[in-house]
Amino acid sequence: MASRPVRDGRGRVPTPAKLTDHEGFLRHARFRWLKVAIVLALVSLAAYLAADVTSRPNGGTWIGYTLGTVGALLIVWLALLGVRKRAMTRGRWSLKAWTSAHVYLGLSLVVVATLHTGFQFGWNVHTLAYALMIVVIASGVYGISAYATLPASLSSNREEMTQGQMLDALAAIDRQLADAAQPLPQDEADMVRAVLEQSVFRQSLRSRLTGRYPRCATQVAVDAVRPTDPEHIRLEGLLAKRKALLDKVRRHLRLKGLLEIWLYIHVPLTFALLAALAAHIVSVFFYW
Amino acid sequence: VSAALHFRLRTIETTADGREIVRDKDLPGPELTIGRSPENAVHLPDLAVEPHHARLVAADGRVRVEALGTLGFTADGSSRRNASIDLATGAELRFGAYTIGVGQALDGAVLLTVRSAANKSDIAAPDEKRSFTLAGALPGKRVTSWLLALVVLAAFLAWPVYNALNRPANGTVKGDAAWSSGPLSLAHHGLEAKCEACHAKPFEPVQDKACLTCHKTVHDHAPGVRMAGAREAPGAGGQLLQRVAHAFGKPGPGACSDCHTEHEGAGAMPATPQKFCAGCHGTLAARLSDTKLGNAADFGSAHPQFRATVTRAPGNPTLTRVSLDGQPREANGLAFPHKLHLDQAGGARRMAASMGEAARLECGGCHRPTADGVRFLPIDMERDCESCHSLVYDRVGSTFRTLRHGDIEQMRADLAASDRRAEPIVTGRRRPGEFAASGRYFSRFSAPASGAARISQALSRDGVCGECHTPAVRDGRMSVTPVVQPERYMVNGWFDHRPHRQETCASCHAAHQSSSADDVLLPGVKTCRNCHLGEGAASADVPSSCAMCHSYHPTVAAPPKQGRRVAGLAG
């Protein structure tokens, strides 16, 4: 990812010791697509400012149609990443190059499409398409920042533990808990049963993404159990172990969720955007 | 009697491959307990089961079940704390995750068949890969994607298109409101939900005939041939645009929609930018060699001097347009100069001041605005002049006789019949006898005066008529030149006094310095430019496009209506 050092512009490894030649998609080919995107945005802006359009700037002037055509083609091409990423290739048209272009051209679309609107907005399908596009781009920007920062936290939280190992550890603790709870009176047995029956995964999206679980049965049990006798000492120890493990799993879930959630906006809204774009273009010429 | 009764515990476990392992164990005695604690005869290691949950007592072909703790149990599906089971029919009890079938074995023992109700698959490890992703917590991306796309397509494309294609005659298209790129101008607000009124055919740009449906009497700017000749040839880019536009069926150049853009917001329709005019008029003379119009591209920098419409010869009603450069004169038939009235040191002014009537000699004393405030009413002699310029020619007692203004024949007749004196020659001292106003021998004798002399005197330059009018001879008789008061001086542009109310009259009209009645007291383009410059002049007080003063669709000197004019709407 972008946070990792890469070779400098002349292909040398920068100081001090850089042992990987990995180059993220953001720095791909010395920011080639960033430069292309900046040029595209500047050319669009210059054309918009220079164009002496009739009445006032809007999508229906010749510069408006031009910017709109460029924008629409860009949107379709950007959406094709979803198709493209399913076929990996190397070199100039590698998936990495494609992704790099996807990011930077997607950002330049903000300029192109905003100028296309001529800053005219309203409650209509045209502004709907624009708003969807902006949300899609914003979610993409979030996605890049998530990919740049979250994986490091994710791996430090896991501490070399795989997801399978987390589940196994949890299951082991749960078996011991079930065993330890056998001699308990019913109210305490019910409390432990609630701990065992509460699913780690079947929780609200909000809890997953915030890491806050206000109705955590394990926490309830940890708070309730007092080490009064050997049975309860064992129970307390097991509950504390379970809570620590649960926290780790939940942090893992939270980070993974934050890494993924943007795609649940980015992808469906891209489809909605393509539909709104089609409606926008057809309606404009239908009622010309 | 039933001492032989005892329990047989049958546990059934299911192996991983689905095979059932059955174990039987006989328990002596007619009584046993069920619970989580190992000392129970039926030990159910389930946290939902109480340590000592229930007691079973077998007697007389029945089994009595009673709960020992706070929790009950389920017997044949219903929650109970006590149950009595007929062994002949049997029953199913449930404790936590365990079911216990109660029946009778062939040898008479009470058979308790214990199964763990929790199926192995229920507690199987969750699908690890899926559980850790959001896939389990959110609806799938693919489903959401297609669903959203379909909803958008259906609501914003398919539905309006379907309605447009199946529109009943004279019906409106439903569901197309979201297609509108912005509110219509206020004048067209009534068409807001009737897109098809203008967008008549799918994929066909708005045609002029759609506009002409309502704007029936709109005037052409000029004959089409002249317009075609006047239009500046577009550059290479412009030609390309025109070819593209024509290829897609756009009308024009010169189509209504070229100048009148819609969906720009619910205000007044935006004024047509000056470049539409300048396209022809900026260099018009170069293409239309016979044009009488000066080139005009921008009011601030390229606009010819105004030309006022005036009468050049006294009494000749023919109007001529003359440039305001070089002090134009008009023959309006009036004699008095404005300075005479307005000069602070002048006699008229002092006289009015002495009578407390100074205001009568301000501009507004005579020039009264029209009801709409756009321009001024013609000067009306009786209202505006006569309070000073009296036409009284006779007095009878306390009654004054006044000449009728505007009717020369009447005046002649009045004056001709006035050759007697109102007062008696003999006044004052009374004669003795019956010689009195009330007496028998009374007569008013007046000094003899000639009516004809009075007429010629009145019509002379120094007479009562000549005070204001230019004397003239008509049909061989003395008369005055008919007065011409132009309603509008500017016939191709229009000026509205109302927005200029905060200005003094003198800031534009140099009436105070005018010593001749023939002066055309209109301000030139230079005066206007104090505030008004071209459309793009950011520094001007009032950036002014052509449309501020000119109408593209001429209505032959028709006065502008109050507020914005609507071109060609009947009524």
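Each remark here, short or long, concerns the structure printed above.
Here's what I pulled together on the structure shown here.

Rules behind the numbers
Counting from 1, residues in each chain are numbered in the order their sequence is written. Starting at A for chains and at 1 for ligands, labels are handed out in the order in which the entities are written. Local features are withheld for residues below a pLDDT of 70 in this predicted model, meaning they are given only at 70 or higher, and side-chain atom pairs are given and counted only at 80 or more; totals for whole chains, interfaces and linings count all residues. To get the side-chain values, all heavy atoms of the structure are used, and hydrogens and water are removed first. Helix and strand definitions here come from DSSP, where helices need a minimum of 4 consecutive H or I residues and strands a minimum of 2 consecutive E residues; each element is numbered from the N-terminal end. A contact between two residues is defined here by any heavy atoms of the two lying within 4.5 Å. Only the protein chains shown count as cover for residues, and the accessible areas themselves come from Shrake-Rupley with a 1.4 Å probe. Here's how the labels work: a residue is buried when its accessible area is under 20% of the maximum for its type, exposed when over 50%, partly exposed in between, all with a 1.4 Å probe on protein chains only. Note on terms: buried area is the combined drop in 1.4 Å-probe accessible area of two parts once they are placed together, counting the loss on both. Salt bridges, as used here, are contacts in which a Lys or Arg side-chain nitrogen is within 4 Å of a carboxyl oxygen on Asp or Glu. Here a cavity denotes grid points, spaced 1 Å and computed from the protein atoms alone, that fit a 1.4 Å probe unable to get out, and a pocket denotes an open set having protein on both sides within 12 Å along at least 5 of 7 lines; residues with an atom within 4 Å of a point are the lining. Grid points are joined across faces, edges and corners, and a volume is the space filled by probe spheres set on the points. A pair of strands is treated as paired once DSSP finds two or more bridges between them. Arc definition: it is the arc formed by the directions from the helix axis to the C-beta atoms. In plain words, nonpolar cores are sets of buried Ala, Val, Leu, Ile, Met, Phe, Trp, Tyr and Cys residues tied together by side-chain atoms within 4.5 Å. Within the patch definition used here, like charges are joined within 9 Å and nonpolar side chains (Val, Leu, Ile, Met, Phe, Trp, Tyr) within 5 Å, considering only residues with over 30% relative accessible area and no salt bridge. Centre distance within 6.5 Å is the pairing criterion for rings of Phe, Tyr and Trp, where only the six-membered ring of Trp is used; planes under 30 degrees apart are then read as stacked, over 60 as edge-to-face, and the remainder as tilted. Look at NZ for Lys and CZ for Arg. If either is within 6 Å of the ring centre and within 35 degrees of the ring normal, a charge sits over the ring. Note on geometry: axes are C-alpha line fits, over the in-contact stretch for helices, and angles between N-to-C directions span 0 to 180 degrees. Under this scheme an angle from 65 to 115 degrees is roughly perpendicular, one under 35 degrees roughly parallel, and one over 145 degrees roughly antiparallel; angles in between are oblique. Two helices cross in a left-handed way if the nearer one is turned anticlockwise from the farther one by less than a right angle. They cross in a right-handed way if the turn is clockwise. Asp and Glu are treated as the negative residues and Lys and Arg as the positive ones, with His and the ends of the chain left uncounted.

**What to know about the overall build of chain A**
In step 1: Along its length, chain A carries 10 helices and 0 strands.
In step 2: Ordered by position from the N terminus, the helices and strands of chain A form the series α-α-α-α-α-α-α-α-α-α.
In step 3: Across chain A, every contact between residues at least 6 apart in sequence was considered, and the portion connecting residues at least 24 apart equals 72%.
In step 4: For chain A, the accessible surface area stands at approximately 14900 Å², while carbon and sulfur atoms represent 64% of it.

**Some details on the overall build of chain B**
In step 1: If you tally the helices and strands in chain B, you get 15 helices and 20 strands.
In step 2: Taken over 571 residues, chain B has a buried fraction of 31%.
In step 3: Within chain B, contacts between residues at least 6 apart in sequence are counted, and of these 45% link residues at least 24 apart.
In step 4: Total accessible area computed for chain B in this model is approximately 33800 Å², and 57% of it derives from carbon and sulfur atoms.

**Looking at the interface of chain B and chain A**
In step 1: Opposite the 57 residues of chain B that make contact, chain A presents 56 residues.
In step 2: Of the roughly 4800 Å² buried at the junction of chain B and chain A (both faces included), carbon and sulfur atoms supply 69%.
In step 3: Area buried by chain B at its contact with chain A is led by Leu-47, Phe-132 and Leu-134 of chain B, which between them contribute 18% of it.
In step 4: Across the contact surface, chain B and chain A share 0 salt bridges.

**Describing empty space enclosed by the protein**
Residues and elements named next belong to chain A.
In step 1: Evaluated as defined, the whole model comprises 2 cavities of 30 Å³ or more.
In step 2: Of the volumes computed, that of the second largest cavity is approximately 30 Å³.
In step 3: Contributing to the lining of the second largest cavity are Gln-198, Ser-199, Val-200, Gln-203, Thr-218, Arg-242, Leu-246 and Arg-250.
In step 4: The leading source of residues in the lining of the second largest cavity is helix H10 (residues 230-286), at 3 residues.

**Observations regarding the sheet that holds strand E4 (residues 42-43) of chain B**
Residues and elements named next belong to chain B.
In step 1: Pairing in this open sheet of 5 strands is mixed, and the strands run E4-E3-E5-E6-E9 from one edge to the other. If you trace the sheet from one side to the other, it starts and ends with E4 and strand E9 (82-86), each paired once.
In step 2: Both strand E6 (residues 62-67) and E9 contribute to a ladder of 5 bridges, which runs antiparallel. Looking across to E9, one finds that Glu-66 is bridged to Asn-82.

**A word on helix H9 (residues 217-224) of chain A**
Residue and element names in this part refer to chain A.
In step 1: Buried residues of H9: Ala-217, Thr-218 and Ala-221, and no others. An end-on view of H9 places all buried positions within 100 degrees of arc, on one side of the element.
In step 2: Packed against the buried residues of H9 are helix H7 (186-197) and H10.

**Comments concerning the nonpolar core**
In step 1: Ranked by size, the top nonpolar core spans 29 residues in total, and within it Ile-100 and Leu-112 of chain B carry the most contacts.
In step 2: Those residues in contact with Ile-100 of chain B, other than ones at most four positions away along the chain, are Ile-34, Val-42, Leu-44, Ala-91, Glu-92, Leu-93, Phe-95, Leu-112, Thr-113 and Val-114 of chain B.

**Quick look at the pairing of strand E16 (residues 399-402) of chain B**
Residues and elements named next belong to chain B.
In step 1: Of the strand pairs in this sheet, strand E15 (residues 392-396) and E16 are connected by 4 bridges, and their pairing is antiparallel. Among the inter-strand pairings, Val-396 is bridged to a residue of E16, identified as Thr-399.
In step 2: The hairpin formed by E15 and E16 contains 2 residues between the paired strands, and Gly-397 there has a positive phi angle of roughly 60 degrees.

**Structural notes on a nonpolar patch on the surface**
Residue and element names in this part refer to chain A.
In step 1: A contiguous nonpolar patch, built from Ile-38, Leu-42, Leu-45 and Leu-49 and spanning about 400 Å² of accessible area, is present on the exposed surface.
In step 2: Structurally, the position occupied by Leu-42 is in helix H1 (residues 28-50).
In step 3: Classification of Leu-42 as exposed rests on a relative accessible area of 54%.

**Here we look at the pattern of salt bridges**
Residues and elements named next belong to chain B.
In step 1: Applying the stated criterion across every chain yields a total of 22 salt bridges over all chains.
In step 2: Ionic pairing is found between Asp-384 and Arg-383, a salt bridge with its closest N-O pair at 2.8 Å.
In step 3: You can call Asp-384 buried: its relative accessible area is 5%.
In step 4: Looking at Arg-383, the relative accessible area reads 29%, which means it is partly exposed.
In step 5: Because the salt bridges share partners, they merge into one network encompassing Glu-31, Arg-55, Arg-64 and Glu-66.

**Side note on the packing of aromatic side chains**
In step 1: Per the stated rule, a full pass over the model turns up 14 aromatic pairs over all chains.
In step 2: Between Tyr-287 of chain A and Trp-179 of chain B the ring centres are 5.2 Å apart and the planes differ by 80 degrees, which places this aromatic pair in the edge-to-face class. You can see Tyr-287 of chain A sitting in the segment after H10 and its partner Trp-179 of chain B sitting in the loop between helix H2 (141-165) and helix H3 (208-212), one on each of two chains.
In step 3: Residue Tyr-287 of chain A is classed as buried on the basis of its relative accessible area, which comes to 11%.
In step 4: When its relative accessible area of 6% is taken as the criterion, Trp-179 of chain B is described as buried.
In step 5: Feature note: the residues Phe-286 and Tyr-287 of chain A together with Trp-179 and Phe-203 of chain B constitute an aromatic cluster, connected by ring pairs.
In step 6: When the ring centre of Tyr-213 of chain A is taken as reference, the NZ or CZ atom of Arg-250 of chain A above it lies at 3.9 Å.
In step 7: For Arg-529 of chain B, the ring lying beneath its charged end belongs to Phe-299 of chain B, and the centroid distance is 5.7 Å.

**Brief notes about the sheet that holds strand E10 (residues 91-95) of chain B**
Residue and element names in this part refer to chain B.
In step 1: Read across the open sheet, the 7 strands follow the order E2-E1-E12-E11-E10-E7-E8; overall the sheet is mixed. The two strands at the open ends of the sheet, each matched to only one other strand, are strand E2 (20-27) and strand E8 (78-80). Averaged over neighbouring strand pairs, the angle between their axes works out to 25 degrees when direction is ignored.
In step 2: Two elements, strand E1 (residues 7-14) and strand E12 (residues 110-116), share 6 bridges in a ladder whose sense is parallel. Pairing of Arg-8 across the sheet is with Leu-111, part of E12.

**Details of unusual backbone geometry**
In step 1: Even without being glycine, Phe-31 of chain A reaches a positive phi, approximately 55 degrees.
In step 2: Of note, Phe-31 of chain A is situated in helix H1.
In step 3: According to the relative accessible area criterion, Phe-31 of chain A is partly exposed, its value standing at 30%.
In step 4: Positive phi outside glycine occurs at Asn-170 of chain B, with the angle close to 65 degrees.
In step 5: On the basis of relative accessibility, which here comes to 79%, the residue Asn-170 of chain B falls in the exposed class.

**Some details on the packing of helix H6 (residues 163-180) of chain A against H10 of chain A**
All names here are of chain A.
In step 1: Their axes nearest at 10 Å, the elements H6 and H10 cross at an angle of 155 degrees. When the axis of H6 is compared with that of H10, the two are roughly antiparallel. The interaxial crossing formed by H6 with H10 has left-handed handedness. Of the residues in H10, those in contact with Gln-163, Met-166, Ala-169, Leu-170, Ile-173, Asp-174, Gln-176, Leu-177, Asp-179 and Ala-180 of H6 are Arg-234, Leu-235, Leu-238, Leu-239, Lys-241, Arg-242, Leu-245, Val-249, His-252 and Lys-256.

**Section: the side chain of Thr-481 of chain B**
In step 1: In this fold, Thr-481 of chain B is placed in the loop between strand E18 (477-480) and helix H15 (525-528).
In step 2: Excluding residues within four positions of it along the chain, Thr-481 of chain B makes contact with Pro-314, Gly-315, Gly-333, His-469, Thr-470, Pro-471 and Ala-472 of chain B.

**A few points about the side chain of Asp-414 of chain B**
Residues and elements named next belong to chain B.
In step 1: Looking at the element boundaries, Asp-414 is found in helix H13 (residues 408-416).
In step 2: Within the buried set, Asp-414 has no salt-bridge partner at all; the shortest N-O distance to an opposite charge, 5.5 Å, is to Arg-401.
In step 3: With near-sequence residues (within four places) excluded, Asp-414 lies in contact with Tyr-393, Thr-402, Leu-403 and Arg-404.

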